[in-house]
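Residue-level structural notes
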Amino acid sequence: MTRPLSEGSWQYRQLNSKMPGLDYLSDALLALVSAGEPVVAGTADLQYSNGLSKFARMCPERFVQFGISEQNMVSAAAGMAAAGMRPYVATFASFLALLCCEQIRMDVAYSALPVRLIGHHAGISLGFYGTSHHATEDLAITRSIAGLTVVAPADGSQLASVIAASADYPEPIYMRIQRGRDPDVYERGTPFVFGKAIKHLTGSDLVIVACGSTVHPALLAARSLNAKGYSIGMIDMATVKPLDRDAVLDAAANARAVLTVEEHNVLGGLGSAVAEVLADEGLPVKFRRHGIYDQYSLIAPPTHLYAHYKLDAAGIEEIARQLAESGNRQPIVS
Amino acid sequence: MDFDAANGRTNDLRPDDARIALLKAKAKLSRLETVRLIEIAKVGHYTSAFSAAEIFAVLYYDTMQLHPTDPKWPDRDRFLMGKGHAAVGLYPILADLGYLAKETLDQYTRLGNPLGDHPDMTKVPAIDFSSGSIGHALSAGCGMALAARMQQRDYETYVMIGDGELQEGQVWEAALFAAHNRLGRLVGIIDRNGFQLDGRVDDIIGIEPILDKWSAFGWETHVVDGHDVASLATLLRALKADKTREKPVMILANTVKGKGVSYMETEPGWHLGYLAPDDAARAIAEIESMEL
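Sequence order sets the numbering: in each chain, residues are counted from 1 along the sequence as written. To label them, take the chains in the order written and letter them from A, then take the ligands in the order written and number them from 1. Under the rules for a predicted model, residues below a pLDDT of 70 receive no local features and side-chain atom pairs below 80 are neither given nor counted, while totals for whole chains, interfaces and linings still include all residues. The side-chain values count all of the structure's non-hydrogen atoms but skip hydrogen atoms and water molecules.

The next thing to look at is the sheet that holds strand β4 (residues 116–120) of chain A. Residue and element names in this part refer to chain A. Ordered in space as β2-β1-β3-β4-β6-β5-β10, the seven strands form an open sheet in which the pairing is mixed. The open sheet has two edge strands with one neighbour each: β2 (63–65) and β10 (239–241). In this sheet, neighbouring strand axes are inclined to one another by 20° on average, regardless of whether the strands run parallel or antiparallel. Here, a strand pair is defined by DSSP locating no fewer than two bridges between the strands. Every helix listed is a DSSP run of H or I at least four residues long, and every strand listed is a run of E at least two residues long, numbered separately from the N terminus. As paired elements, strand β1 (residues 39–43) and β2 share three bridges and run parallel to each other. Paired with threonine 43 across the two strands is glutamine 65, which belongs to β2. Every axis in this analysis is a line fitted to C-alpha atoms, fitted for helices over the stretch in contact. Angles between the N-to-C directions lie between 0 and 180 degrees.

To continue, consider the pairing of strand β3 (residues 186–192) of chain B. All names here are of chain B. Only protein chains enter the accessibility calculation, which uses a 1.4 Å probe. A residue is then buried if its area is under 20% of the maximum for its type, exposed if over 50%, and partly exposed in between. Summarising burial for β3: seven of the seven residues are buried, a large majority. Side chains Leu186, Gly188, Ile190 and Arg192 of β3 all project onto a buried face; the interleaved residues Val187, Ile189 and Asp191 project onto the opposite face, where all are buried too. Examined bridge by bridge, strand β2 (residues 157–162) and β3 share six bridges and lie parallel to one another. Pairing of methionine 160 across the sheet is with isoleucine 189, part of β3. Convention used here: a crossover is right-handed provided that the path from the first strand, over the helix, to the second strand proceeds clockwise when the strands point away from the viewer. Crossover connection from β2 via helix α9 (residues 169–180) to parallel β3: handedness right-handed. In this structure, β3 lies alongside strand β7 (residues 249–254), joined through six bridges in parallel fashion.

Bringing the domain arrangement of chain A into the picture now. All names here are of chain A. Domain segmentation is taken from an automatic or database assignment of domains. For chain A, the assigned domains are domain 1 (10–176) and domain 2 (198–325). Using only C-alpha atoms to locate each centre, domain 1 and domain 2 end up separated by 26 Å. When checking whether two residues touch, look at their non-hydrogen atoms; a contact exists if any pair is within 4.5 Å. With 29 residues of domain 1 in contact, the opposing surface of domain 2 contributes 32 residues. Interface area for domain 1 against domain 2, summed over the two sides, is near 2100 Å², with a carbon-plus-sulfur share of 59%. Contact with domain 2 buries surface across domain 1, with Ile124, Thr136 and Arg143 losing the most and accounting together for 32% of the total. By definition, a salt bridge exists where a carboxyl oxygen of Asp or Glu is found within 4 Å of a side-chain nitrogen of Lys or Arg. For the interface between domain 1 and domain 2, the tally reads one salt bridge. Measuring nitrogen to oxygen at the nearest pair gives 2.9 Å for the salt bridge that ties glutamate 276 to arginine 143. In protein, a polar contact means a hydrogen-donor-capable atom and an acceptor-capable atom, both N or O and within 3.5 Å, with residues adjacent in sequence counting only if both atoms are side-chain atoms; elsewhere, any N or O pair within 3.5 Å suffices. The tally of links from domain 1 across to domain 2 stands at 18 residue pairs in polar contact (both at pLDDT 80 or more). Two parts placed together each lose some accessible area; with a 1.4 Å probe, that loss summed over both constitutes the buried area.

Here we take up the side chain of Glu317(A). Residues and elements named next belong to chain A. Relative to the helices and strands, glutamate 317 resides in helix α14 (residues 313–325). Residue glutamate 317 is classed as buried on the basis of its relative accessible area of 13%. Residues within four places of glutamate 317 in sequence aside, it is in contact with Ala221, Ser224, Leu225 and Lys228.

What follows is the structure, encoded as structure tokens:
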């Protein structure tokens, strides 16, 4: 066991001041251990980034440090699951979903083993760390792997609820989360049901469909527009796969436009999933996918990037208002 | 490390003549059935299965604790294949032990049959882990060995890997991990048949000195003739009896690719192949004449 961080160190202070969302990760896993679940937590040299250091401290016999060997971590987690354990393994989404894509497909999904893959710091939330640390492809990749459930919790509470609900969920799961600094959307203990969208607002002009980090700003944008006289609905599509098709159909039937918003490439992620439903059903609703428009992100602090790519509340409001008012279906390139 | 010299029990653990004859007969069964099954598929990995025939036979008829009527018995020993393309040589053994119906074996690779070129744990309960993508199995074996320790179960995890497989980086991630975590119940077996799809392993990307590499990574190493069932069985019995070991073990099993069929042996052009009826008859005759 590595010696604990010094209380005066930068990493210790970061861990204890700014990461409530990810702190929920350890808490939720420790609760499962207390309930007798055969949970194992693992990470690849990122216990202070994802907050699993708390789990490691409280439950060292169920914690596995894999070091910088993500592919070994995923395959070993599959081996543990095949032997009856329930592994939750976490690393940056960029490494988990991209570097370990084939291990996820072969050893986890194809082998139908109940491994829980936690891709954190997803999207562009690592800001100026750059493209190597961004994951704007992970939803597209994981969504195309048969047998894998894909969820993107909006905050720490929802993450904790997803983990609680995962205890008796038989399928492998990819969980996509950000840095643990997301503003609260949900109250602690709100039950989570896989495959069920959460409708926050109903509206007839336009419905915004978001997941993960875009849920909070999309809610703010919708409320702001509603205060200005628009009728804007808002859905949290926390489970990207299997997608809640009924929620999409309901939105399309009751509103004139649908807007998807995701911290992800507009190709292959939430927007594509919703578009597939609309196209399958032949629904003539106005539709736009908003996110990262098939490009690599600039370097900047995350909040600056969200403003630049119109993924903050003001940016989403602008996009939503344009779509609600116009017939323009062309993407708005940032 | 010279296990045999250090351990006086090895002679006591040597299988008796009847067991040796049985193991040889089962290796022969694996080879003959491999020829028959590939005749159904019309293409397959004869030579990769032939180099591993004795390893399969010794593990399944001598070393491993198994429960054929309960393939998911939690305390069974595990077997994983990094070189999943040798599965055609294992399926006949699973059928012989009662894990698979003969009718299933007879429909090898046909539409909807559970048996393909690479083994699938979701379709064949006796397969402990799916494979096909080279380089994953040792990692998965690490996970099983670690789980056994967490669950306080007493089983061994055996992972057979190809020599060409040592070119995969993930193997070395697993090598570091197993040694660091003192996975003493993990036993790797390198089927050192010297060839991979494109030619001789040492001409493509050299992997020697193999034993020095595994020793340097913190593993206990052994060398054995991979076609000598008595030596293989004795070594595996001794390793199983040693309950105090903390190091994972890597066995370098020197083998001949295509062993048993003269015109396939060490001929790189037979990694994948199909025997037309005349050639198949010659192959069967040669296998039948292998010494028992």
